[in-house]
Amino acid sequence: MTTHIGAQKGEIAETVLMPGDPYRAKWAAETFLKDAKLVNEVRGMLGFTGTWNGHRVTIQGSGMGMPSLSIYANELISTYGAKTLIRIGSCGGMQPHVGIRDVIIAMTATTITSPSSGIFREMNFAPCADWSLLQAAVTAAQEMGTNTHVGGIYSSDVFYAERPDLDEQMVRHGVLGVEMEAAELYILAARHKCRALAVLTVSDHLQTGEALPASEREQSFGDMVEIALKAAFPDA
Ligand code: HPA
């Protein structure tokens with residue numbers, strides 16, 4: 001047990017999928033995993049462990065924002081021995097060619113600040129995805145025929161942004177979408193020699209104002225979960 005995760009040692013798999021929303025963790029576990037068992041409910045941040053095509057997988061909610069994700073990812077890595085951590089979540093589209101329902105596989109994640117900023121000080125560290133996961137995710141997405149974009153994303157500290165100029169700079173520099181967690185996950189993975197990736201579904205669009213209707217969310221999020229599982233276990 002850790003401060004924020006009630007699972008016993010051994011109840012968490014080496015491969016962990018991390019949606020922001022604990023109820024999405026429940027849905028994904030019930031939909032994709034065999035014999036899914038609830039292993040954490042501290043603070044309602046649900047986590048489940050089961051198997052996918054014979055491989056053990058944990059799906060653990062991360063909460064919203066980098067400070068929350070940092071707590072769960074640190075404890076998963078340091079206490080439970082997680083080695084592969086894949087964020088599955090939603091993001092806002094930032095480019096005209098990125099449509100809602102599309103999937104973004106995040107090669108890099110730009111930030112202004114993250115919980116690790118204090119370590120890096122004047123350094124602009126470049127948080128990047130694990131290549132083997134990225135490559136396998138792209139292959140899976142292509143095989144599934146999912147409309148997918150691969151490139152940089154922006155991990156923001158705020159959902160309700162008061163600095164439109166920051167979004168403008170991201171758009172100008174080709175950033176595909178905005179979310180709030182991936183950069184810190186990539187930084188922690190680098191620090192602890194783990195593998196990390198973020199596979200995101202575009203749920204809303206900053207330029208068009210379009211948003212995914214609630215009724216359509218499950219199917220779109222399903223592709224993202226399948227891509228993440230296939231990235232973790234490309235030979236399964
Ligand atoms: N901003 C930040 N995070 C998000 C967004 C957004 O527009 N959409 C989904 N996650």
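Above this text sits the structure in question.
Starting from 1, residues in each chain are numbered consecutively following that chain's sequence as written. pLDDT decides what is reported in this predicted model: residues at 70 or higher carry local features, side-chain atom pairs at 80 or more are listed and counted, and totals for whole chains, interfaces and linings draw on all residues regardless. In computing side-chain values, all of the structure's heavy atoms are included and hydrogens and water are not.

Novice: Where do I start with the nonpolar core in this structure?
Specialist: One broad rule of soluble globular proteins: the nonpolar side chains tend to lie buried together. Working definition of a nonpolar core: buried Ala, Val, Leu, Ile, Met, Phe, Trp, Tyr and Cys residues. They are joined through side-chain atoms within 4.5 Å. Buried residues are those whose accessible area, probed at 1.4 Å on protein chains only, stays under 20% of the maximum for their type, while exposed residues exceed 50% and partly exposed ones sit between those limits. Membership of the largest hydrophobic core comes to 69 residues, with the highest contact counts inside it found for Leu17, Leu85 and Leu197. Each helix corresponds to a stretch of at least 4 residues labelled H or I by DSSP, and each strand to a stretch of at least 2 residues labelled E; elements are numbered beginning at the N terminus. The greatest single-element share of this core, amounting to eight residues, is contributed by helix α7 (residues 217-232). Any two residues whose heavy atoms approach within 4.5 Å at even a single point are treated as in contact. Apart from residues no more than four positions distant in its own chain, leucine 17 is found in contact with Val57, Thr58, Ile59, Gln60, Ile86, Ile88, Val225, Ala228 and Leu229. Met94, Tyr154, Met170 and Val175 belong to the second-largest nonpolar core, a separate cluster that totals five residues.

Novice: Help me out: how do you make sense of the packing of helix α4 (residues 131-144) against α7 in this one?
Specialist: For any two helices packed against each other, the geometry is given by the interaxial angle and the distance between the axes. Running from N to C, α4 and α7 cross one another at 130°; their axes reach a closest spacing of 8 Å. By the angle between their axes, α4 is oblique relative to α7. Considering the relative orientation of α4 and α7, their crossing is right-handed. Here Leu133, Ala136, Ala137, Ala140, Ala141 and Met144 of α4 lie close against α7, whose contacting residues are Asp223, Glu226, Ile227, Lys230, Ala231 and Ala232. In this analysis, axes come from line fits to C-alpha atoms, helices being fitted only over the stretch in contact, and the angle between any two N-to-C directions falls in the range 0 to 180 degrees. Note that the term roughly parallel is reserved for angles under 35 degrees, roughly antiparallel for angles over 145, roughly perpendicular for angles of 65 to 115, and oblique for everything else. Put simply, a crossing is left-handed when the front helix is turned counterclockwise from the back one by less than a right angle, and right-handed when it is turned clockwise.

Novice: Would you take a moment to explain the site of the ligand for this structure?
Specialist: Around the ligand, the neighbouring residues are Ser90, Cys91, Gly92, Phe159, Val178, Glu179, Met180, Ser203, Asp204 and Leu206. Definition of a polar contact: a pair of N or O atoms within 3.5 Å, with one able to donate and the other able to accept a hydrogen when the atoms are protein atoms, and with sequence-neighbouring residues admitted only if both atoms are side-chain atoms. Between the ligand and glycine 92 there is a distance of 3.3 Å, counted from a nitrogen atom to a backbone nitrogen or oxygen. At 2.9 Å from a nitrogen atom of the ligand is found a side-chain nitrogen or oxygen belonging to aspartate 204. With the chains in place, 89% of the 260 Å² that the ligand exposes on its own is no longer accessible. Elements with a contribution of two residues or more to the shell around the ligand: β5 (84-93), β8 (177-179) and β9 (195-205). Here the element with the most residues in the shell around the ligand is β5; it accounts for three residues. Residues are classed as near a molecule or strand on a simple rule: at least one heavy atom within 4 Å of it. Areas reported as accessible are Shrake-Rupley estimates using a 1.4 Å probe. Residue values count occlusion only from the protein chains shown.

Novice: Looking at this structure, I do not really get unusual backbone geometry. What am I missing?
Specialist: Even without glycine at this site, aspartate 35 takes up a positive phi of about 50°. For aspartate 35, the position within the fold is in strand β2 (residues 34-40). Since its relative accessible area comes to 65%, aspartate 35 is described here as exposed. Positive phi is not limited to glycine here, since arginine 43 has a value of about 60°.

Novice: Got a minute to help me understand the side chain of arginine 24 in this structure?
Specialist: Mapped onto the fold, arginine 24 is located in helix α1 (residues 22-32). When charges are counted, Lys and Arg are positive and Asp and Glu negative, with His and the chain ends excluded. Salt bridges, as used here, are contacts in which a Lys or Arg side-chain nitrogen is within 4 Å of a carboxyl oxygen on Asp or Glu. Buried charge arginine 24 goes without a salt bridge, the closest partner of opposite sign being aspartate 21 at 4.5 Å. If we skip the residues at most four places from it in the chain, arginine 24 touches Pro19, Gly89, Ser90, Arg217 and Phe221.

Novice: Help me understand the pairing of strand β3 (residues 47-52) in this model?
Specialist: Across a regular strand the side chains alternate sides, sitting on one face of the sheet and then on the other. Burial of β3 is extensive: five of the six residues sit out of reach of the surface. Pairing between β2 and β3: four bridges, direction antiparallel. Across the sheet, residue leucine 38 finds its bridge partner in β3, namely phenylalanine 48. In this scheme, strands are said to pair when DSSP sees at least two bridges between them. Between β2 and β3, which pair antiparallel one after the other, the connecting turn spans six residues, and arginine 43 there sits at a positive phi close to 60°. In this structure, β3 lies alongside strand β4 (residues 55-60), joined through six bridges in antiparallel fashion. If you follow glycine 50 over to β4, its bridge partner there is valine 57. The turn joining β3 and β4, which pair antiparallel and follow one another in sequence, is formed by two residues; a positive phi near 50° is taken by asparagine 53.

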